[in-house]
Amino acid sequence: GKYCLPFETLSCIMKNIRRKTMNNLWNKQVQSTELLYYSRLESFNEITKNTFFKLLQVKEGMKILEVGCGGGTFCNIIKQNFPTCKVYGIDLDTDHIEFAKKKAKELKVDVNYSVADINKLPFKNGEFDLVYSHTVVEHLPFKNFIKEQKRVLKKGGKIVIMRVFMEEKTID
């Protein structure tokens with residue numbers, strides 16, 4: 001079966017691959033889409049869910065983008081709890097996106113999922129109120145990671161980067 005690799009091994013894998021080989025690398029080599037989806041889902045209860053929403057500062061009617069959405073756990077949870085939000089999820093792994101679309105249909109939530117590269121987001125300038133990611137920044141150069149997110153963010157919008165043990169950084 002598929003399992004999670006230790007962080008050191010994961011970092012080594014990510015440093016030694018090229019973007020063109022990423023299409024299904026995560027799902028095939030690191031962690032299955034289903035395991036990723038349900039491990040994230042399992043961590044949600046009323047307290048953690050409310051903390052998550054407060055951290056993201058989600059409000060009804062927002063247009064929200066998750067960068068590196070995996071199987072869509074967080075996008076689906078946002079849409080279920082804030083039905084007037086327009087929620088988008090992108091990931092480079094096609095298996096993740098296929099799973100996310102299937103899960104959204106199963107849950108009867110309208111979330112827009114697409115395969116996309118963080119270095120060239122398929123959205124217009126100033127389109128989103130909120131752009132967020134969860135455990136994605138570790139695998140990319142920070143300046144490249146943030147550049148496109150800033151481009152698609154509306155004036156006054158927020159970028160939230162969630163990471164375990166993240167050092168503090170200031171974004172200009």
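Here is a short report on the structure shown in this document. (Residues numbered from 1 in each chain as written. Predicted model: local features only at pLDDT ≥ 70, side-chain atom pairs only at ≥ 80, totals over all residues. Heavy atoms only, no water.)

**Overview of the sheet that holds strand 4 (residues 128-134)**
Threshold: When DSSP locates at least two bridges between a pair of strands, those strands are taken to pair. Helix and strand definitions here come from DSSP, where helices need a minimum of 4 consecutive H or I residues and strands a minimum of 2 consecutive E residues; each element is numbered from the N-terminal end. Structural elements are reduced to axes, namely lines fitted to C-alpha atoms, with helices fitted over the stretch in contact, and the angle between N-to-C directions of any two is expressed from 0 to 180 degrees. We call two residues in contact whenever any of their non-hydrogen atoms come within 4.5 Å of each other.
Spatially, five strands are ordered 3-2-1-4-5 in an open sheet, and the strand pairing comes out parallel. Two strands in the sheet have a free side with no partner beyond their single neighbour: strand 3 (111-115) and strand 5 (153-162). With direction set aside, neighbouring strand axes in the sheet form an average angle of 20°. Contacts from helix 4 (residues 46-56) reach strand 4 and strand 5 within the one sheet, and its direction differs from that of strand 5 by about 140°. Each of strand 2 (86-91) and strand 3 touches helix 6 (residues 94-107); the most contacted strand, strand 3, lies at about 165° to it.

**A word on helix 6**
This is how the line gets drawn: What a helix should span is 1.5 Å times the count of its residues minus one. Burial classes follow relative accessibility: with a 1.4 Å probe on protein chains only, a residue under 20% of its type's maximum area counts as buried, one over 50% as exposed, and anything between as partly exposed. What qualifies as a polar contact is a pair of N or O atoms within 3.5 Å, subject to a donor-acceptor requirement within protein and to the restriction that residues adjacent in sequence count only when both atoms come from side chains.
In a regular helix each residue adds 1.5 Å, so 14 residues correspond to 20 Å; helix 6 covers 20 Å between its end C-alpha atoms and thus fits that length. Among the residues making up helix 6, those that are buried are T94, D95, H96, I97, F99, A100, K103 and A104. A side-chain oxygen of the first residue of helix 6 lies 2.9 Å from the backbone nitrogen of D95; this N-cap is D93.

**What about the pairing of strand 1 (residues 63-67)?**
Going by this rule: Note on handedness: a crossover is taken as right-handed if, strands pointing away from the viewer, the path from the first strand over the helix to the second is clockwise.
Across the five residues that make up strand 1, a large majority, five, are buried. Note that strand 1 and strand 2 share five bridges and pair parallel. In the sheet register, K63 faces strand 2, and the bridge partner there is K86. Taken together, strand 1, helix 5 (residues 73-81) and strand 2 constitute a β-α-β crossover, and its handedness is right-handed. For strand 1 and strand 4, the ladder comprises four bridges, and the chain directions are parallel. Its bridge partner being in strand 4, V67 is matched across the sheet by S133.

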